[in-house]
Amino acid sequence: MSSETKKQEKDFTKEVDLAVAEATSLQEAGKLQDGLDKLLALEKQTRNAADLASTTRLLSTSTLLCYKAADYSLLSSTILALSKKHGQLKEAVKVMVEQAMGWLDDIKSKKGEPTWLELVETLRTVTEGKIYLETPRARLTLVLANYYERIANDPSTAPKPKPDATSGKAPAALTPFDSLVKASDLMTELQVETYSSMDRKEKTEFILEQMRLLVLVAKGKDTQAKESKEKSAADKEKKVTAADGEAEWIKVRVGGRKIHEGFLTEKGNEVLKLKFYDLMIQFALHHASYLDAAKYFHKVWETPIIKEETEGRGKEARFNPLIHLHALENVIYYVILAPHDNEQSDMINRLYNDPALAKLELHYNLVKCFITHELVRWPSIEGIYGPTLRQTLVFLTGNAEGDKRWEDLHTRVIEHNIRVIALYYTRITLSRLTSLLDLSAKATEEVLCRLVVSGTVHARIDRPNGVVSFKQKETAEDVLNAWASDVGRLMGLVEKSWMEMNAALAVKTRSG
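Values in this document were obtained by computation on a predicted structure and should not be read as measured data.

Reading guide: rules and limits
All residue numbers refer to positions counted from 1 along the written sequence of the respective chain. Side-chain atom pairs in this predicted model are given and counted only at pLDDT of 80 or more, local residue features only at pLDDT of at least 70, and totals for whole chains, interfaces and linings cover all residues. Side-chain metrics rest on all non-hydrogen atoms present in the structure, leaving aside hydrogens and water. In this description a helix means any DSSP run of H or I spanning at least four residues, a strand means any run of E spanning at least two, and both kinds are numbered starting from the N terminus. One less than the residue count of a helix, multiplied by 1.5 Å, gives the span that helix is expected to have. A 1.4 Å probe rolled over the protein chains alone gives each residue an accessible area, and that area as a share of the maximum for its type sets the label: buried under 20%, exposed over 50%, partly exposed in between. Think of it as the arc spanned by the lines of direction from the helix axis to the C-beta atoms. For this analysis, residues touch if any pair of their heavy atoms sits within 4.5 Å. Only Phe, Tyr and Trp rings are paired, with Trp represented by its six-membered ring, and only when their centres lie within 6.5 Å; those with planes under 30 degrees apart are stacked, over 60 edge-to-face, the remainder tilted. Geometrically, a lysine NZ or arginine CZ counts as sitting over a ring once it is within 6 Å of the ring centre and also within 35 degrees of the ring normal. Working definition of a nonpolar core: buried Ala, Val, Leu, Ile, Met, Phe, Trp, Tyr and Cys residues. They are joined through side-chain atoms within 4.5 Å. Each axis is a line fitted through C-alpha atoms, and for a helix only the stretch in contact is used; angles between axes span 0 to 180 degrees, taken between their N-to-C directions. The scheme is simple: roughly parallel for angles under 35 degrees, roughly antiparallel for over 145, roughly perpendicular for 65 to 115, oblique for anything else. Left-handed describes a crossing whose near helix is turned anticlockwise from the far helix through less than a right angle; right-handed describes the clockwise counterpart. In this classification, the charged set is Asp, Glu, Lys and Arg, the nonpolar set is Ala, Val, Leu, Ile, Met, Phe, Trp, Tyr, Cys and Pro, and all remaining amino acids, among them Gly, are polar.

Asker: So what exactly am I meant to see when it comes to helix α5 (residues 90-101) here?
Answerer: In an α-helix, one turn spans 3.6 residues, which is why side chains three or four residues apart end up on the same side. Taking 1.5 Å of rise per residue, 12 residues should cover 16 Å, and α5 covers 17 Å from first to last C-alpha, within 8% of that figure. Taken together, the buried positions of α5 are A92, V93, M96, V97 and A100. For α5, the arc enclosing every buried residue in end-on projection is 130°, short of the 170-degree limit, so these residues lie on one face. Those residues of α5 that are buried lie in contact with α3 (52-68), α4 (72-83), α6 (104-111), α7 (113-127) and α8 (134-153).

Asker: Sorry, what's going on with the packing of aromatic side chains here?
Answerer: Ring pairs (aromatic) are described by centroid distance and by the angle formed between their planes. In the structure shown here, the tally under the stated rule is 13 aromatic pairs. Ring geometry for F297 versus Y334: centroids 5.5 Å apart, planes at 5°, classification stacked. In this pair, F297 sits in helix α14 (residues 290-301) while Y334 sits in helix α16 (residues 327-337), placing the two residues 37 residues apart along the sequence. By relative accessible area, F297 is classed as buried at 1%. A relative accessible area of 3% means that Y334 is categorised as buried. Through a chain of ring-to-ring contacts, three or more aromatic side chains come together here, namely Y333, W378, F395 and W406. The lysine or arginine in question, K182, covers the ring of Y148, its NZ or CZ lying 5.3 Å from the ring centre.

Asker: Could you clarify how one ought to interpret the nonpolar core in this entry?
Answerer: Inside soluble globular proteins, nonpolar side chains tend to come together where they are buried. Membership of the largest hydrophobic core comes to 118 residues, with the highest contact counts inside it found for M211, I336 and L409. Beyond its immediate chain neighbours, meaning those up to four positions away, I336 contacts Q344, I348, L366, V367, F370, L409 and R412.

Asker: So what exactly am I meant to see when it comes to the packing of helix α13 (residues 270-286) against α14 here?
Answerer: Two numbers describe a pair of packed helices, the interaxial angle and the distance between the axes. Their axes nearest at 9 Å, the elements α13 and α14 cross at an angle of 165°. Taken together, the axis directions place α13 and α14 in an arrangement best described as roughly antiparallel. When you trace α13 past α14, the crossing you get is left-handed. Within the contact between the two elements, α13 uses K273, L274, Y277, M280, I281, A284 and L285 and α14 uses D292, A293, Y296, F297, K299 and V300. Here the contact of α13 with α14 is built from residues that sort into 10 nonpolar, no polar and 3 charged.

Asker: Mind showing me how you'd approach helix α1 (residues 13-28) here?
Answerer: Taking 1.5 Å per residue as the helical rise, α1 with its 16 residues ought to reach 22 Å, and the 23 Å between its terminal C-alpha atoms agrees with that figure. Here α1 has its buried residues at V16, A19, V20, A23 and Q27. Down the axis of α1, the buried set is contained in an arc of 105°. They therefore lie on one face. For α1, the exposed residues lying more than 90 degrees away from the buried face are K14, L18 and E28. Just downstream of α1 lies G30, where phi reads positive at about 90°.

So, in C-alpha cells, the structure goes:
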C-alpha cells in the first residue's frame with residue numbers, strides 16, 4: 001500500500017459511472033462474479049492513476065454488490081483482496097471497511113453468528129498494523145470482546161467449534177472463564193491512548209472497558225487461586241496452586257493512570273466518572289487501601305447527579321447503589337478504617353466539619369468518637385453502632401470481607417485509645433493499660449509495638465516492672481530549650497509584676 005500521497009493523473013468518473021451501472025445490472029441478473037470482474041479491471045486503472053473518488057466508489061460498490069447478493073464468503077474474500085492491492089489508496093480502504101462494519105448487525109440477524117464472526121475476523125485482519133485504521137480496529141475489537149464476554153456469561157450461546165481441516169477433529173470449546181480471559185486479552189492489546197484519530201471521550205470509554213474486564217478476570221483468578229490453595233492444603237500430595245490475579249490488578253492500576261481525572265469532572269462525563277471510580281474502589285478494596293477507597297468514594301459523592309439522587313431531587317438511581325447512593329456513608333466507614341496518619345487525620349477532620357455529615361446523626365457521632373481526645377470503649381461501639389453497621393455491605397455479618405473490616409474497626413478503636421492515653425500519661429502500668437483498652441496483655445503489647453514501629457506513638461515497655469512509658473528521652477538540646485523557655489516565661493512574669501508594682505506606687509504617691 002502506498003505510503004506517499006500521489007497526485008491524481010486522470011479522472012475516471014464517467015468510466016466508473018458506466019462500470020457501476022453494468023455491474024449492478026449483472027448482479028441483479030445473478031451474474032455477480034462477472035460484475036465484480038468489470039469493477040476490478042477498472043479499479044486497477046483508477047488506483048494507478050491515484051483517482052481517490054473513483055477508487056473509493058469501486059471498492060464500496062464491489063463490496064455492496066456482494067452484500068446485496070448475500071454472498072458473505074465472497075464479501076470477505078473481496079474485502080481482503082482489495083485491501084492487499086499494491087499501492088491501494090488508504091482512504092478508499094478506510095471507507096470500504098467502515099461500510100462493511102455498518103452491515104455487521106444485519107448480517108448477524110440474518111445469517112447468524114458464524115458468518116458474522118467470519119466477517120469480523122476478516123475486517124480485523126485488514127485493519128491489523130495500519131495506523132489509519134486503528135480506530136475501526138478498536139471498535140471491531142470491542143464488538144468481538146463483547147461477543148466473548150456474552151459467551152462467558154451464557155455458555156449455551158457459544159457456537160460449536162468447527163472440525164479441523166486436516167485431522168477432522170473439532171477443538172475443545174472454550175470454558176466460560178477462558179472466554180472472559182480472551183475478551184480481556186483482546187481489549188488489553190489495544191493502546192487507544194496513543195490513537196490520534198480517536199476523540200478523548202471514546203478513548204476513556206475504551207480504557208474503562210479494558211479495566212472492567214481486567215477486574216473480572218482478576219477476581220476470577222483470585223477465586224481459582226483460593227480454591228486451589230484450599231485443595232492443596234487438603235491434599236498434601238498435590239501442591240500445585242493456580243496463579244492469582246495480581247498481574248491483572250497491576251494492569252488495572254496502570255489503566256487508571258491513563259485517565260485524566262480532570263476530564264471526568266467536565267459536564268457530560270458524569271457516567272464515565274462514576275464508572276472509573278467504581279473500578280478504582282474495587283482495586284483499593286482488593287488491596288485493603290481504605291484511605292484510597294475513602295478518597296474515591298468522596299469523588300463519587302462530589303458528583304452532582306449523585307447528590308441529586310441522594311437528596312431525592314434526581315431521577316431514579318441508574319448506578320450501583322453500593323457505590324453511589326451511600327457514597328457519603330462509605331466515605332465515613334473507610335476513612336475510619338484507614339490507619340492513622342497526617343492525610344487520614346486531615347480528611348476525617350474536614351468530613352467532620354462538612355454540613356452534609358450533620359444530617360447523618362449516627363455517622364456524625366461515630367466520626368466524633370475518633371475526633372475527640374477521649375477514650376472509646378469497644379463494647380460501647382458494638383452496642384451503639386454495631387446493629388446498624390453490621391447490616392451494611394461494608395461490615396456485613398457472615399461475609400468474610402465484612403467480618404475482616406469489623407476486626408479492622410476494632411483495631412482502629414484500640415489505636416485511637418492508645419494515642420489518647422499517650423497524650424495524658426507519661427507512665428502507666430501494663431495492667432491499667434490493658435483494662436483501658438479491653439484487651440489481654442499480649443494483644444496490648446502487639447498493638448503497641450505496631451504503633452511504635454509505624455511512628456504513631458513513642459513508647460517503651462518495662463516488662464519486669466510492668467510499666468509502659470510514653471515519655472520520649474530528652475536530649476541535652478531539648479533540656480536546654482525547655483530551660484530557656486521556662487526562664488523566659490519567669491522573666492516575663494517578673495517584669496509584669498514590677499510594672500504593676502510601680503503603677504500602684506505612683507497612684508499611692510499622687511493620692512497621698
